[in-house]
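Per-entry structural report
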Amino acid sequence: MNTEINTAVAVVGPGAIGATVAAMLHEVGRTPLLCGRTPRDHLTLLEDGRSITVPGPVRTSQKQITHTADLVFLAVKATQIEAAADWLAALVGPQTVVCVLQNGIEQVEIVRSHLPREDIVPAVVWFPAQAQSDGSVSLRGEARLTLPDTAAARVVAQALQGTRCAVDLAENFSSLAWRKLLQNAVAGLMALTHRRSGMFSRSDIAGLTLAYARECLAVARAEDAELGDEVPQEILEKFQAAPADMSTSILTDREAGRPLEWDIRNGIIARRGRVHGVPTPISDILVPLLAAASDGPG
């Protein structure tokens, strides 16, 4: 057990992604401070038939915070950033690094509107973690993060050193973030159909997926992302290779009646397309449907 790294870590938003990172840290003796909306005395991560218990409690009030952290993992969704602003105010000091475990490519801009500072680190989260009905989290793949190669990101990498959460520091971070965004955009189809990954075995859905991913790729390239022609097919094959019952966070939110991250995952394709004059006919249909599914009225 590696306990030599003494970074004081807090996780804000111990849902599927936050609980996974907390469990990886706890395994090596670096149990983080847990902060969220729901009081719990522990977190449970299920992986390959085994269970990892992260001791709590989950703090639910900023008044319970007595000191700032060296590193804060912000693992709330984009729709919850405003509600998490008070946690940031309580946990972030002059030297604190904030790592945003969130979908999209606009993490820094969104968080910086509530926390105007430079050492905010965006992350691409590559692992499938899914909240269960009993409050536990199921991890169905290896935990891996990609971060930009910056001094602040190296603080994050050091905190996770020796854990089973791999960290890649990438010079081409923007391109990799766009690639993940394409994957997340395609997953929006699951929220509209209320179906899991098995639906991508249908030839009609496969055709729509490729057409939509190619549209997203055109926008990504207009944003200077270096992504090849093979990416849409790779994304489709990834969904087709997944277990038929594999879900995604936007579908989970739809099933629970929660607001959807439709704008940062799908709306951004249409928004950035308009900036660059790139046609987005599929987005122009999908985005209003996702927005209405999320926000109503009706």
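Residues numbered from 1 in each chain as written. Predicted model: local features only at pLDDT ≥ 70, side-chain atom pairs only at ≥ 80, totals over all residues. Heavy atoms only, no water.

1. Some details on the packing of aromatic side chains
Heads up, the condition is: Put simply, two rings from Phe, Tyr or Trp (the six-membered ring, in Trp's case) pair if the centres are within 6.5 Å, and we call them stacked under 30 degrees between planes, edge-to-face over 60, tilted for the rest. Helical segments are the DSSP runs of H or I of at least four residues, strand segments are the runs of E of at least two, and each set is numbered from the N terminus. Here, over-ring charges are defined by two tests on the NZ atom of lysine or the CZ atom of arginine: distance to the ring centre within 6 Å, and angle to the ring normal within 35 degrees.
For the coordinates displayed, the defined rule picks out one aromatic pair. Ring geometry for F200 against F239: centres 4.5 Å apart, planes inclined by 25°, an arrangement best described as stacked. A residue pair is termed long-range when its members are at least 10 positions apart, and F200 in the loop between α5 (173–193) and α6 (203–222) and F239 in helix α7 (residues 231–241) qualify at 39 residues. Sitting above the plane of the W126 ring, K180 keeps its charged end 5.7 Å from the centroid.

2. Quick word on unusual backbone geometry
At the junction of G56 and P57, the peptide bond is cis and its omega measures out at 5° in the coordinates. Examined against the element boundaries, P57 turns out to sit in the loop between β4 (50–55) and β5 (58–59). Looking along the chain, the bond that leaves G296 and enters P297 is cis, with omega of 0°. If you trace the backbone, P297 turns up in the segment after α10 (281–295). Despite not being glycine, D48 has its phi angle at roughly 50°, a positive value.

3. As for the pattern of salt bridges
Quick note on the threshold: Whenever Lys or Arg places a side-chain nitrogen within 4 Å of a carboxyl oxygen from Asp or Glu, that contact is recorded as a salt bridge. A simple rule labels every residue: compare its accessible area, found with a 1.4 Å probe on the protein chains alone, to the largest value its type can have, and call it buried under 20%, exposed over 50%, or partly exposed in between.
Tallied over the full model, the rule gives 19 salt bridges. The partner of R164 in a salt bridge is E27, with the nearest N and O atoms 3.0 Å apart. Taken together, the positions of R164 in the loop between α4 (151–159) and β12 (165–170) and E27 in helix α1 (residues 16–27) put the pair 137 residues apart, joining distant regions of the chain. Taking relative accessible area as the criterion, R164 reaches 35% and is therefore assigned partly exposed. Judged by its relative accessible area of 25%, E27 falls in the partly exposed class. As a salt-bridge pair, K77 and D253 come within 2.6 Å of each other at their nearest N and O atoms. Of this pair, K77 sits in the loop between β6 (69–74) and α2 (81–91) while D253 is found in helix α8 (residues 249–256), placing the two residues 176 residues apart along the sequence. Here the residues in one salt-bridge network are E106, E223, D263, R271 and R272, joined through shared partners.

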